[in-house]
Amino acid sequence: MPAGGFSAPGAAGGTEFEAKITPIVIISCIMAATGGLMFGYDVGVSGGVTSMGPFLEKFFPVVYRRTKTKEQADKLNSNYCKYDNQGLQLFTSSLYLAGLTATFFASYTTRRLGRRLTMLIAGVFFILGVILNAAAQDLPMLIIGRILLGCGVGFANQAVPLFLSEIAPTRIRGGLNILFQLNVTIGILFANLVNYGTAKIKGGWGWRLSLGLAGIPALLLTVGAIFVVDTPNSLIERGHLDEGKRVLRKIRGTDNIEPEFLELVEASRIAKEVKHPFRNLLMRKNRPQLIIAVALQIFQQFTGINAIMFYAPVLFDTVGFGSDAALYSAVITGAVNVISTIVSIYSVDKVGRRVLLLEAGIQMFLSQVVIAIILGIKVKDHTNNLHHGYGIFVVILVCTFVSSFAWSWGPLGWLIPSETFPLETRSAGQSVTVCVNLLFTFVIAQAFLSMLCHFKFGIFLFFSGWVLVMSFFVFFLVPETKNIPIEEMTERVWKQHWLWKRFMVDYGDEEIGDTVDPKKIGNATNGFDPTSRL
């Protein structure tokens, strides 16, 4: 096997794709992954500014009075309820509701216009949203800015994971794809650091700086999208065979790209037979990928991670840390998040996806149960004091939880769906993946402060129960996909699984309008020569 190559056994008994790790691949992936930086900053900044007095006083005066006035606080049934406000939750969750809507449009642009142009559209939305948020004079202006940011999230989350999976050599596909999630965690940490600094600015305008600095990752994504090349998969899918071959040769760093190119052309030809990809997605043979993609997104949100990352300062303040200590603790958890995601980059293509998910399930379950016990015993309804030693222990447990999520469910929730759908349903599958993720992100963001008010410390028991369920799901139903070429998942993964192999059928076995004629698949020269346009 040539240096830098990987083995990709195919139907013919073995196909070898030669691929070097070229600088253009690394640079393109880093630039594309800045979409994750923007997403992460948006996640992290909202929790920080909602704990800042001047921000609350301007946009949410009712919440401000609850947090600052003992008389108002005493009227609440519980100290856990002082931040319970639907408008405040809408500030955070509106971004994800907009992203959910935008992802349907992003599916079209990703397929018809390409991955690169879709990332550029995301960058423009981000920039417009940042301007409105930083200059907001009233709540409607603030919410409209968040909605524009949400549109950017919808487009970026649709295009970036696909871009990373398709441009990367197979043996490092997992690590490069996780660059998106790594940038999410860096964005969260950056936001926490910014919030910690801007909260101390006198004059009450620090929150504007926090929201405005989101312009940095927004510009990085926009500029990056201008200069990166589109993926060979996307170019070939849109009929640009010559350019697709040229880009494939460039990103693989070798002239021996014919086997991989022909496989991409054949996959694209089959994909073009599918006139309605969303309808095709419902076909029996695509059901395993769809079920797993949807389940991973639901479970990812029900780990409780976004509840912690959105509202970390609010949460720590609620259990007795005080506003400064709460922001400081959020910075610590953000740093742990980044470091642990780096662990995933180095381990995902070595130990595999399943091992990381299962180990993390145990770690997340235990840490959440212990947090619930400590808060249940030591934090009373009308007190805002947690002993210093217990406070440190809670931070350690939260970091334990965050670290396990960061090397498992965080990155793999995006990686596994992006690498398992066949080309003909890949854009549609990614659209459903993003849609479900944003839907349940919206649900958690909109409901968490109310849940915290009613469940109190039991909120951690609620999420730990879901962690237990999802771990069983992974153990029995999620196959291993490490080091499998992206176009060979059906033969080498789904047809080998004890349950999902029952759903795998040959083309022509299903009576559906989008089914491809098996003769067209079996004979590459029957009316179509993949090299005829080169």
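Before reading on, note that the structure itself is shown above.
Small disclaimer: the values here were computed from a predicted structure and weren't measured.

Asks: Please clarify how the overall build of the protein chain should be interpreted in this entry.
Replies: For the protein chain, the count of helices and strands is 25 helices and two strands. Sorting the 534 residues of the protein chain into buried and exposed places 60% on the buried side. Sequence separation of at least 24 residues holds for 80% of the intrachain contacts in the protein chain that already meet a minimum separation of 6. For the protein chain, the accessible area works out to roughly 19800 Å², and carbon and sulfur atoms hold 65% of it.

Asks: Sorry, what's going on with the nonpolar core here?
Replies: A general tendency of soluble globular proteins is for nonpolar side chains to be buried together. Core analysis: the biggest nonpolar cluster contains 136 residues, and F55, F126 and W409 have the highest contact counts within it. With twelve residues, the single largest contributor to this core is helix α8 (residues 139-167). Beyond its immediate stretch of four places on either side in the chain, F55 contacts V49, T50, F60, F91, L142 and W207. One finds L281, L290, A293 and F421 within the second-largest nonpolar core, a separate group that totals five residues.

Asks: Which parts of the structure should I look at to understand the packing of aromatic side chains?
Replies: Each pair of aromatic rings is reported with the distance of its centres and the angle of its planes. For the structure shown, the criterion picks out 18 aromatic pairs. Centre to centre, the rings of F302 and F440 are 6.0 Å apart; their planes meet at 65 degrees, and the pair counts as edge-to-face. Of the two residues, F302 sits in the loop between α16 (287-301) and α17 (305-318) while F440 sits in helix α22 (residues 423-455), which places them 138 residues apart along the sequence. Judged by relative accessible area, which is 11%, F302 ranks as buried. Pairwise contacts between aromatic rings join F299, F302, W409, F440, F455, F462, F463, W466 and F473 into one cluster. For the cation-ring pair, R284 lies above F503, with the distance from its terminal atom to the ring centre recorded as 4.5 Å.

Asks: It is not clear to me how the packing of helix α2 (residues 34-49) against α8 should be interpreted in this structure. Could you clarify?
Replies: Think of two packed helices as two axes; the pair is described by the angle between the axes and how far apart they sit. Two elements in contact, α2 and α8, have axes whose closest approach is 10 Å; the angle formed by their N-to-C orientations is 145 degrees. Two packed elements cross with a definite hand, and for α2 against α8 that hand is left-handed. Between α2, through M38, F39, D42 and S46, and α8, the contact on the second element is made entirely by R146, L149, V153 and N157. Looking at the contact of α2 with α8 residue by residue, the class counts come to four nonpolar, two polar and two charged.

Cut-offs used in this document
- Residues numbered from 1 in each chain as written.
- Predicted model: local features only at pLDDT ≥ 70, side-chain atom pairs only at ≥ 80, totals over all residues.
- Heavy atoms only, no water.
- Helix = DSSP H or I, 4+ residues; strand = E, 2+ residues; numbered from the N terminus.
- Buried < 20%, exposed > 50% of the residue type's maximum accessible area, 1.4 Å probe, protein only.
- Contact = heavy atoms within 4.5 Å.
- Areas by Shrake-Rupley, 256 points an atom, 1.4 Å probe, with all protein chains shown as cover.
- Core = buried A, V, L, I, M, F, W, Y, C linked by side-chain atoms within 4.5 Å.
- Phe/Tyr/Trp six-rings, centres within 6.5 Å; stacked < 30°, edge-to-face > 60°.
- Lys NZ or Arg CZ within 6 Å of the ring centre and 35° of its normal.
- Axes fitted to C-alpha atoms, helices over the stretch in contact; angles between N-to-C directions.
- Left-handed = near helix turned anticlockwise from the far one by under 90°.
- Nonpolar A, V, L, I, M, F, W, Y, C, P; charged D, E, K, R; others polar.

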